[in-house]
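Secondary and tertiary structure notes
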Amino acid sequence: MLSLAGCDTGPKSGKGFTLPEGDPQMGRQVFIGMQCTDCHFLANDSTVKQPDNPQFSIPLGGEVRRIQTYGELVTSVINPSHSLPSGYQKEAISDNGQSRMRNYNDIMTVTQLTHLITFLQDQYELQPFEPSMYPSFH
Ligand code: HEC
């Protein structure tokens with residue numbers, strides 16, 4: 001436990017990292033303009049074009065068991081190979097451990113990223129808690 005906590009707060013940790021507040025409407029435009037929709041669709045917003053792509057049609061947003069943290073979302077966009085989502089065939093979404101997601105680091109401004117992340121965060125909802133069927137012992 002202690003060593004794990006150490007990792008979270010070491011000099012190379014993301015602790016303290018935050019972008020300025022973005023504008024979700026502008027983020028939506030970035031999402032569409034940067035053609036994220038070539039490979040992704042929004043689980044909660046069918047007005048955004050669906051990917052017409054035999055290889056990828058990866059949902060973003062919708063109800064999830066655990067909301068990605070801000071840092072995880074930023075990482076998914078600018079360093080997608082860092083952690084590949086589970087639930088997909090590894091070879092389908094990556095090549096030698098490298099994500100097949102398009103790389104935006106040389107074309108997206110920080111301002112665009114800021115808006116995009118605010119927009120994406122709003123897309124996720126926490127799944128309502130389902131009580132387990134096990135008897136409780138307290
Ligand atoms: C060429 C296809 C492609 C394009 C274009 C693309 N992505 Fe992805 N994206 C992927 C793949 C494949 C994955 C799964 C592997 C990974 O996480 O790197 C992914 C994963 C993600 C994830 C993590 C999803 C999860 O469930 O953890 C986010 C967030 C994301 N993309 C956002 C974006 C955004 C925002 C854009 C546009 C700026 C974009 N992607 C453009 C292919 C793409």
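See the structure above.
Residues numbered from 1 in each chain as written. Predicted model: local features only at pLDDT ≥ 70, side-chain atom pairs only at ≥ 80, totals over all residues. Heavy atoms only, no water.

1. Re unusual backbone geometry
With the exception of glycine, the majority of residues adopt a negative phi angle, and the majority of peptide bonds are in the trans configuration. Counted only if it meets this: Helix numbers and strand numbers start at the N terminus; a helix is a DSSP run of H or I with at least 4 residues, a strand a run of E with at least 2.
Even without being a glycine, Gln-35 presents a positive backbone phi close to 60°. Its place among the elements puts Gln-35 in the loop between helix 2 (24-33) and strand 1 (40-42).

2. Considering helix 5 (residues 110-123)
Spelled out, the test is: Helices are assigned an expected span. That span is 1.5 Å times one less than the residue count. When checking whether two residues touch, look at their non-hydrogen atoms; a contact exists if any pair is within 4.5 Å.
When the terminal C-alpha atoms of helix 5 are compared, their 20 Å separation across 14 residues agrees well with the 20 Å that a helix rising 1.5 Å per residue should span. Against the buried residues of helix 5 lie helix 2, strand 1, strand 2 (58-60), strand 3 (62-64), helix 3 (70-78) and strand 6 (124-126).

3. Considerations on the site of the ligand
Rules: Nearness of a residue to a molecule or strand requires only that one of the residue's heavy atoms be within 4 Å of it. Counted as a polar contact is a pair of N or O atoms within 3.5 Å, where, for protein atoms, one must be capable of donating a hydrogen and the other of accepting one, and residues adjacent in sequence contribute only when both atoms are in side chains.
In the vicinity of the ligand there are 23 residues, among which Cys-36, Cys-39, His-40, Ser-99 and Met-101 approach most closely. Between Pro-80 and the ligand, the recorded distance is 3.2 Å, taken from a backbone N or O atom to an oxygen atom. Mapped onto the shell around the ligand, the elements with two or more residues apiece are strand 2, helix 3 and helix 5.

4. Some thoughts on the coordination of the iron atom of the ligand
This is how it is decided: For Na, K and Ca the donor cutoff is 3.2 Å, while for all other metals N, O and S atoms count as donors only within 2.8 Å; water does not appear among the atoms, so some sites may look incomplete. Working rule for geometry: tetrahedral if four donors all subtend angles between 85 and 135 degrees; square planar for four, octahedral for six, if opposite donors exceed 155 degrees and the others stay between 65 and 115; irregular in every other situation. Note on classification: 1.4 Å probe, protein chains only; a residue is buried when its accessible area is under 20% of the maximum for its type, exposed when over 50%, partly exposed between these limits.
Taken together, His-40 (NE2) and Met-101 (SD) make up the full set of protein donors to the iron atom of the ligand, lying 2.0 to 2.2 Å away. Between the 6 donor atoms coordinating the iron atom of the ligand, the angles at the centre fall across 86 to 178°, so the site counts as octahedral. Here His-40, found in strand 1, pairs with Met-101, found in the loop between strand 5 (98-99) and helix 5; they are 61 residues apart in sequence, far enough to count as distant. Looking at His-40, the relative accessible area reads 13%, which means it is buried.

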